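What follows is each chain in one-letter form.
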Amino acid sequence: MFKKIFSQKDSNFNNLLLSIVVLVFSAPSQATQSQTLDRNQWLKARFGAQHEALIPVVAVADMLFSCQQQKQINENQTIKMLITQMDKNTLAEKLMTCLAGESPKSDTALNYGLKGCFHEQLANLPAEEKQQKMRLVTQSINELSRSERKKSFTQCVTDQAINYLQ
């Protein structure tokens, strides 16, 4: 793209101009990145241990919630209730029961986790919009590789856990 914009014969001029454009456009983002890194470092120092301990609880709660929904087990619990009110051992036992012999590391459990995590991320949307977005989540889950789904679930759970610390 820059070659089209700067198609003059003087390559020194083009290099200089390109350097200026890159410098101008990258300077604000570097400052923002620096502020974000400082905030993230502060958050990690202050809440790192709590966050690390909360991540597996959130992941199991997401899996359990979605598993119960899929199997129409009417526990009438929200993900928030599972995370904040249920003992982590009970949470794990309920997930194992719901998975009915499947491993919590299985594709099925991973897919449940993704659906649960996105269910909570979209909780504040109107019902119709939420249903539409959840259909997109389900479609995306079916199209992504296992490694991409694991990466997405990890990021979603990490973000979700941060929200519980705030």
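Residues numbered from 1 in each chain as written. Predicted model: local features only at pLDDT ≥ 70, side-chain atom pairs only at ≥ 80, totals over all residues. Heavy atoms only, no water.

Visitor: Which parts of the structure should I look at to understand the overall build of the protein chain?
Guide: Along the protein chain, the regular secondary structure elements total seven helices and zero strands. Secondary structure of the protein chain in N-to-C order comes out as α-α-α-α-α-α-α. In the protein chain, 71% of the contacts between residues at least 6 apart in sequence involve partners at least 24 apart. When the accessible surface of the protein chain is totalled, it reaches about 11,600 Å², and 54% of it is carbon and sulfur. (Helix = DSSP H or I, 4+ residues; strand = E, 2+ residues; numbered from the N terminus. Contact = heavy atoms within 4.5 Å. Areas by Shrake-Rupley, 256 points an atom, 1.4 Å probe, with all protein chains shown as cover.)

Visitor: Looking at this structure, how should I read the confidence of the model for the protein chain?
Guide: Low-confidence regions, as indicated by low pLDDT, have predicted coordinates that should not be scrutinised in detail. Looking at the protein chain, pLDDT values average 80 and 75% of them are 70 or higher. The low-confidence segment residues 1-30, where pLDDT is below 50, has seven contacts with residues more than four positions distant or belonging to other chains. (pLDDT = per-residue confidence, 0-100.)

Visitor: What is the right way to look at unusual backbone geometry in this model?
Guide: Glycine aside, the phi torsion of most residues is negative, and most peptide linkages are trans. Non-glycine residue Gln 72 carries a positive phi angle of around 55°. Along the polypeptide, Gln 72 turns up in the loop between α2 (11-70) and α3 (79-85). Positive phi is not limited to glycine here, since Ala 100 has a value of about 50°. When you line up the elements, Ala 100 lands in the loop between α4 (88-99) and α5 (107-121).

Visitor: How do you make sense of the packing of α5 against helix α7 (residues 146-165) when you look at a structure like this?
Guide: Close contact between α5 and α7 brings their axes to 9 Å; oriented N to C, the two are set at 40°. In terms of orientation, α5 and α7 fall into the oblique class. Every pair of crossing elements has a handedness; the one defined by α5 and α7 is left-handed. Each of Asp 107, Leu 110, Asn 111, Gly 113, Leu 114, Cys 117, Phe 118, Glu 120 and Gln 121 in α5 lies in contact with α7, whose residues at this interface are Arg 146, Arg 149, Lys 150, Ser 152, Phe 153, Cys 156, Val 157, Gln 160 and Tyr 164. Here the residues of the contact of α5 with α7 sort into eight nonpolar, five polar and five charged. (Axes fitted to C-alpha atoms, helices over the stretch in contact; angles between N-to-C directions. Parallel < 35°, antiparallel > 145°, perpendicular 65-115°, else oblique. Left-handed = near helix turned anticlockwise from the far one by under 90°. Nonpolar A, V, L, I, M, F, W, Y, C, P; charged D, E, K, R; others polar.)

Visitor: How do you make sense of the nonpolar core when you look at a structure like this?
Guide: Soluble, globular proteins show a tendency: their nonpolar side chains are buried together. Formed by 31 residues in total, the largest nonpolar core has its most connected members in Leu 82, Ile 83, Leu 91, Phe 153 and Val 157. Listing elements by their share of this core, those giving two or more residues are α2, α3, α4, α5, α6 (127-143) and α7. Take this core: its biggest share by element is 10 residues, from α2. Excluding residues that lie within four positions of it along the chain, Leu 82 makes contacts with Ala 61, Leu 64, Phe 65, Gln 77 and Leu 91. (Core = buried A, V, L, I, M, F, W, Y, C linked by side-chain atoms within 4.5 Å. Buried < 20%, exposed > 50% of the residue type's maximum accessible area, 1.4 Å probe, protein only.)

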